[in-house]
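Residues per chain, in single letters:
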Amino acid sequence: MACTPGADWAYIFSSALSKTSYRPAIWGLLAGYLVHTALLVCGIAALVASSPSLLLWLTAAGSVYLLWLGIATLRSCKNAKFFDPAAPSVSETEVLTCDSTQRASARAESSLALLDKVQQRSRGSQFIKGLLTSGTNPKALLLYVALIPQYLDSSQALPLSLQTGALGLTHFTVSILVYFFVAMAARALLSSRPLAARIVTLCSGIIMILLSAGLIYEQFFVA
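Residues numbered from 1 in each chain as written. Predicted model: local features only at pLDDT ≥ 70, side-chain atom pairs only at ≥ 80, totals over all residues. Heavy atoms only, no water.

Q: What is the right way to read the overall build of the chain from this model?
A: On a plain count of helices and strands, the chain comes out with 9 helices and 0 strands. Traced from its N-terminal end to its C-terminal end, the chain shows the element sequence α-α-α-α-α-α-α-α-α. Here the chain, with 223 residues, has 35% of them falling under the buried criterion. Counted over contacts in the chain with a minimum sequence separation of 6, partners at least 24 positions apart contribute 84%. Working note: accessible area of the chain is about 12,900 Å², and carbon and sulfur atoms make up 68% of it. (Helix = DSSP H or I, 4+ residues; strand = E, 2+ residues; numbered from the N terminus. Buried < 20%, exposed > 50% of the residue type's maximum accessible area, 1.4 Å probe, protein only. Contact = heavy atoms within 4.5 Å. Areas by Shrake-Rupley, 256 points an atom, 1.4 Å probe, with all protein chains shown as cover.)

Q: Teacher, can you tell me more about the environment of Leu215 here?
A: Position of Leu215 among the secondary structure elements: in helix H9 (residues 194-220). Residue class for Leu215 comes out buried when judged on its relative accessible area of 8%. When the C-alpha positions of Leu215 and Lys139 are compared, they lie 8.6 Å apart, and in sequence the two are 76 residues distant.

Q: Help me understand the packing of helix H1 (residues 7-16) against H9, please; the structure alone is not making it clear to me.
A: The angle between the axes and the distance between the axes are what describe a pair of packed helices. Running from N to C, H1 and H9 cross one another at 150°; their axes reach a closest spacing of 9 Å. Between H1 and H9, the crossing angle belongs to the class labelled roughly antiparallel. For the pair H1 and H9, the sense of crossing is left-handed. Listed contacts from H9 to Ala7, Ala10, Tyr11, Phe13 and Ser14 of H1 are Val200, Ser204, Ile207, Met208 and Leu211. Grouping the constituent residues of the contact of H1 with H9 by class yields 8 nonpolar, 2 polar and no charged. (Axes fitted to C-alpha atoms, helices over the stretch in contact; angles between N-to-C directions. Parallel < 35°, antiparallel > 145°, perpendicular 65-115°, else oblique. Left-handed = near helix turned anticlockwise from the far one by under 90°. Nonpolar A, V, L, I, M, F, W, Y, C, P; charged D, E, K, R; others polar.)

Q: Honestly, the nonpolar core in this entry has me stumped. Any pointers?
A: Across soluble globular proteins, you tend to see nonpolar side chains buried next to one another. Within the largest apolar cluster, 33 residues are counted, with the highest numbers of intra-cluster contacts made by Ile12, Ile26 and Tyr179. When residues of this core are traced back to their parent elements, those giving at least two are H1, helix H2 (23-42), helix H3 (44-50), helix H4 (52-77), helix H7 (138-147) and helix H8 (160-190). If sequence neighbours within four positions are ignored, Tyr179 has contacts with Ala2, Asp8, Trp9, Ile12, Ile26, Leu29, Leu30 and Tyr33. (Core = buried A, V, L, I, M, F, W, Y, C linked by side-chain atoms within 4.5 Å.)

Right, here's the structure in full:
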């Protein structure tokens with residue numbers, strides 16, 4: 001499940017090749033799987049899967065959000081400034097260019113404080129985007145409902161709810177390893193190749209849009 005490319009991988013690629021840290025984005029994606037695990041343990045996931053109206057609204061919300069995210073990725077592709085670990089950050093530049101006067105020091109402190117606020121806001125935004133990407137994905141929810149119950153064993157002493165939670169957390173742990181590996185590999189291989197990085201970002205946006213269109217088509221036009 002973790003190694004299957006899809007909307008999550010597309011978002012990982014676009015986050016790994018941006019100028020911000022990809023970690024909040026990945027933790028957001030992983031948090032979405034914790035939500036699916038909790039829903040499955042509580043039995044809500046099965047209720048949603050068996051209710052056409054609920055599944056319809058979840059699919060609509062997930063597809064619209066994925067469409068918006070894909071368009072945003074496409075729009076940012078052309079002017080993207082990809083991460084360069086050797087380049088000094090804005091805060092370093094501010095500190096290096098400051099003189100020893102009190103006024104310059106105050107300006108530097110103000111710039112650092114503003115930069116820190118912007119970075120915190122960016123990290124929070126990346127986390128929320130990741131959470132919504134996996135949390136509103138009906139395919140992920142249905143996959144949990146269809147796959148995990150097959151490995152439950154009522155003859156075991158461990159309650160079914162705990163077995164379900166253990167399996168969900170197992171997928172969560174495996175996804176940590178896979179997603180961070182994918183992000184680190186993408187950044188290491190493509191950060192020094194701007195053209196290739198832009199092509200991958202472009203493809204990520206297209207994949208998100210196509211997945212959104214596929215969800216809409218399957219739910220609303222396929223009997």
